[in-house]
Amino acid sequence: MGRVVALVAGPDALDAGWVPYVALELAGTWGERFVLVDAGLEAPSLHLAADLPSDEGLSDLLLWGASVQRVMRVLPGGGFVVTAGTPIARGASAFEEPRWATLCDGFRQAGVTFVVLVPSSESGRDAVVGASDDVVLLAAREENAARLVGSGTEKVRATVGRVTPEEPEPAEAAPEVAPLDISDLAPDEVDDFAPLDISDLAPDEVDDFALLDITARAPDDVDAFAPLAIADLAPDEVDDPAPLDIADLAPDEVDDFAPLDI
C-alpha cells in the first residue's frame, strides 16, 4: 500500500529558493516507486529544480482531463515528477474536482508514494493536507506549525528547518482585588475590627476571665481535694486492711493450709 505525503513549504523557505531542490532529495528517500507533484498551482517552482518546462501538469490533469501518463516525467535518478501545469488564478478549484481524490487513491492502491509539494499560502493547501497520510514541514525560520498546515498538525511527521509548536491560548488573568482600606469604613464598622480591651468589660464580665482561686472556695470544697488520711478512718475501718494472722484461725482452718503429707 502506498502513501500520500504532503510537503508543506513556508513562505520564507520558498523565498530562499531551496524548497524544490530539497523536495527532490526527500522524494528520493522513498525509493524508486514515487511520484513527486507540484501542487503550487498559483506559484509553481518544482519545474525549475527538475529542469523541465512547466507546460502540461497537475492542473491539466485535474481540470481538463489530461492522462497521468501524459503529464508524468521520468527523473534521471528514478521516480517521476509532475509539474504544476497550466497556471490558474485559484488553485483550490482544481482540488475540488473528484479526480483529485481518485488520483490519491490510485497511487495508494498501486503501492506508490505520492509526494505533493504545496506552499502554505496556496488556496488548495487544506485539500492537499486533508488527503495526505503524512506531512513534512519545510521552513526557513521559526514558524508556527498550525499556520503552515492549518488543522492537519496531527499528521506532521518531520520538519526541515525550524518550526515552533502550536502556541497555547493565553490563560485568563485573575481579577484584581483591591486591598481593604479601613479609613473608608464608617465609625461603627471600625469598632467591629477594634481589638478587645478588657478594661471595657463590666466587673462581672472580668470575673469570667479570672483564674480559679482555690482560696475563694468554701472549706468543704477544699476538703474534697485533700488526700485521704488513714487516721481519719473509724477503728473498724482500720481493722479491715490489717494482714491475716494464721494464729487467729480455728484449728480446722489451719489444717486446710497444712502441706500434704504423703
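What counts, and at which threshold
- Residues numbered from 1 in each chain as written.
- Predicted model: local features only at pLDDT ≥ 70, side-chain atom pairs only at ≥ 80, totals over all residues.
- Heavy atoms only, no water.
- Helix = DSSP H or I, 4+ residues; strand = E, 2+ residues; numbered from the N terminus.
- Buried < 20%, exposed > 50% of the residue type's maximum accessible area, 1.4 Å probe, protein only.
- Contact = heavy atoms within 4.5 Å.
- Areas by Shrake-Rupley, 256 points an atom, 1.4 Å probe, with all protein chains shown as cover.
- 1 Å grid on protein atoms, 1.4 Å probe; cavity = no way out; pocket = protein on both sides within 12 Å on 5 of 7 lines; lining within 4 Å.
- Points joined across faces, edges and corners; volume = space filled by probe spheres on them.
- Nonpolar A, V, L, I, M, F, W, Y, C, P; charged D, E, K, R; others polar.
- Phe/Tyr/Trp six-rings, centres within 6.5 Å; stacked < 30°, edge-to-face > 60°.
- Core = buried A, V, L, I, M, F, W, Y, C linked by side-chain atoms within 4.5 Å.
- Lys, Arg positive; Asp, Glu negative; His and termini not counted.
- Salt bridge = Lys/Arg side-chain N within 4 Å of Asp/Glu carboxyl O.
- Polar contact = N/O pair within 3.5 Å; in protein donor to acceptor, adjacent residues only side chain to side chain.
- Expected span 1.5 Å × (residues − 1).
- Arc of directions from axis to C-beta.
- Pairing = 2+ DSSP bridges.
- Axes fitted to C-alpha atoms, helices over the stretch in contact; angles between N-to-C directions.

(A) Inspection of the overall build of the chain at higher detail. A count of helices and strands for the chain gives 14 helices and 9 strands. Relative to its 262 residues, the chain shows a buried fraction of 32%. Considering only residue pairs separated by 6 or more positions, the chain has 66% of its internal contacts joining residues 24 or more positions apart. For the chain, the computed accessible surface area is about 17,000 Å², with 56% contributed by carbon and sulfur atoms.

(B) Main features of empty space enclosed by the protein. Going through the model one piece at a time under the given rule, you end up with 1 cavity of 30 Å³ or more. Taken as a whole, the largest cavity encloses approximately 50 Å³ of empty space. Lining the largest cavity, in full, are Val-35, Val-37, Leu-58, Leu-61, Val-68, Val-71, Met-72, Val-82, Leu-103, Phe-107 and Phe-114. Elements supplying a minimum of two residues to the lining of the largest cavity: β2 (34-38), α4 (58-63), α5 (68-71) and α7 (98-109). Looking at the lining of the largest cavity residue by residue, the classes come out as 11 nonpolar, no polar and no charged.

(C) The packing of aromatic side chains, seen in detail. Inspection of every chain in the model, using the stated rule, returns 3 aromatic pairs. With centroids separated by 6.1 Å and ring planes inclined at 50 degrees, the aromatic side chains of Trp-100 and Phe-114 adopt a geometry described as tilted. You can see Trp-100 sitting in helix α7 and its partner Phe-114 sitting in strand β5 (residues 113-119), a full 14 residues away along the chain. Like Trp-100, the residue Phe-114 is buried in the burial classification. By way of ring pairs, the aromatic residues Phe-95, Trp-100, Phe-107 and Phe-114 are connected into one cluster.

(D) Region of the structure containing the nonpolar core. With 34 residues, the main nonpolar core has Val-8, Leu-58, Phe-95, Trp-100, Phe-114, Val-116 and Val-128 as its most contacted residues. Top element by residues in this core is α7. It accounts for 4 residues. The contact partners of Phe-114, leaving out residues within four places of it in the chain, are Arg-3, Val-4, Val-5, Val-35, Val-37, Trp-100, Leu-103, Cys-104 and Phe-107.

(E) Seen up close, unusual backbone geometry. Here Asp-51, not a glycine, exhibits a phi torsion of approximately 55 degrees, which is positive. Relative to the assigned elements, Asp-51 resides in the loop between α3 (46-50) and α4. You can call Asp-51 exposed: its relative accessible area is 68%.

(F) Structural context of the side chain of Asp-38. Here Asp-38 lies in strand β2. No salt bridge is formed by the buried Asp-38. Its closest oppositely charged neighbour is Arg-73, at 13 Å. Within the local environment of Asp-38, its side chain forms a polar contact with the backbone nitrogen of Ser-45, the two atoms lying 2.9 Å apart. Once residues within four sequence positions are removed from consideration, Asp-38 is found in contact with Pro-44, Ser-45, Leu-46, His-47, Leu-58, Val-82, Thr-83, Ala-84 and Leu-117.

(G) Representation of α7. Relative to the 16 Å expected for 12 residues at 1.5 Å per residue, α7 spans 17 Å between its end C-alpha atoms, a close match to the ideal helical length. When we look at burial in α7, the residues that qualify are Trp-100, Leu-103, Cys-104, Phe-107 and Arg-108. Along α7, the residues classed as buried sweep out an arc of 135 degrees about the axis, all on the same side. Within α7, the exposed residues directed more than 90 degrees away from the buried face are Pro-98, Thr-102 and Gln-109. At the exit of α7 stands Gly-111, carrying a positive phi of roughly 75 degrees.

(H) Summary view of the pairing of β2. In terms of residue burial, β2 counts as a mostly covered element, since 5 of its 5 residues are buried. Where burial is concerned, the two faces of β2 agree: the one with Phe-34, Leu-36 and Asp-38 and the one with Val-35 and Val-37 are both buried. The pairing of β2 with β5 spans 5 bridges and is classified as parallel. Within the sheet, the bridge partner assigned to Asp-38 lies in β5 and is Leu-117. Sheet topology places β2 next to strand β4 (residues 80-82); 3 bridges connect them, and they run parallel.

(I) Highlighting the sheet that holds β5. Spatial ordering of the open sheet is given by β3-β4-β2-β5-β1-β6-β8, a layout of 7 strands whose pairing is mixed. If you trace the sheet from one side to the other, it starts and ends with β3 (73-74) and β8 (156-160), each paired once. Along the sheet, helix α2 (residues 19-28) makes contact with β1 (4-9), β2, β5, β6 (134-138) and β8, crossing β2 at roughly 160 degrees. Helix-sheet contacts for α7 involve β1, β2 and β5, and the interaxial angle to β5 is about 140 degrees.

The quantities given are spatial measurements derived from coordinates; they are silent on function.
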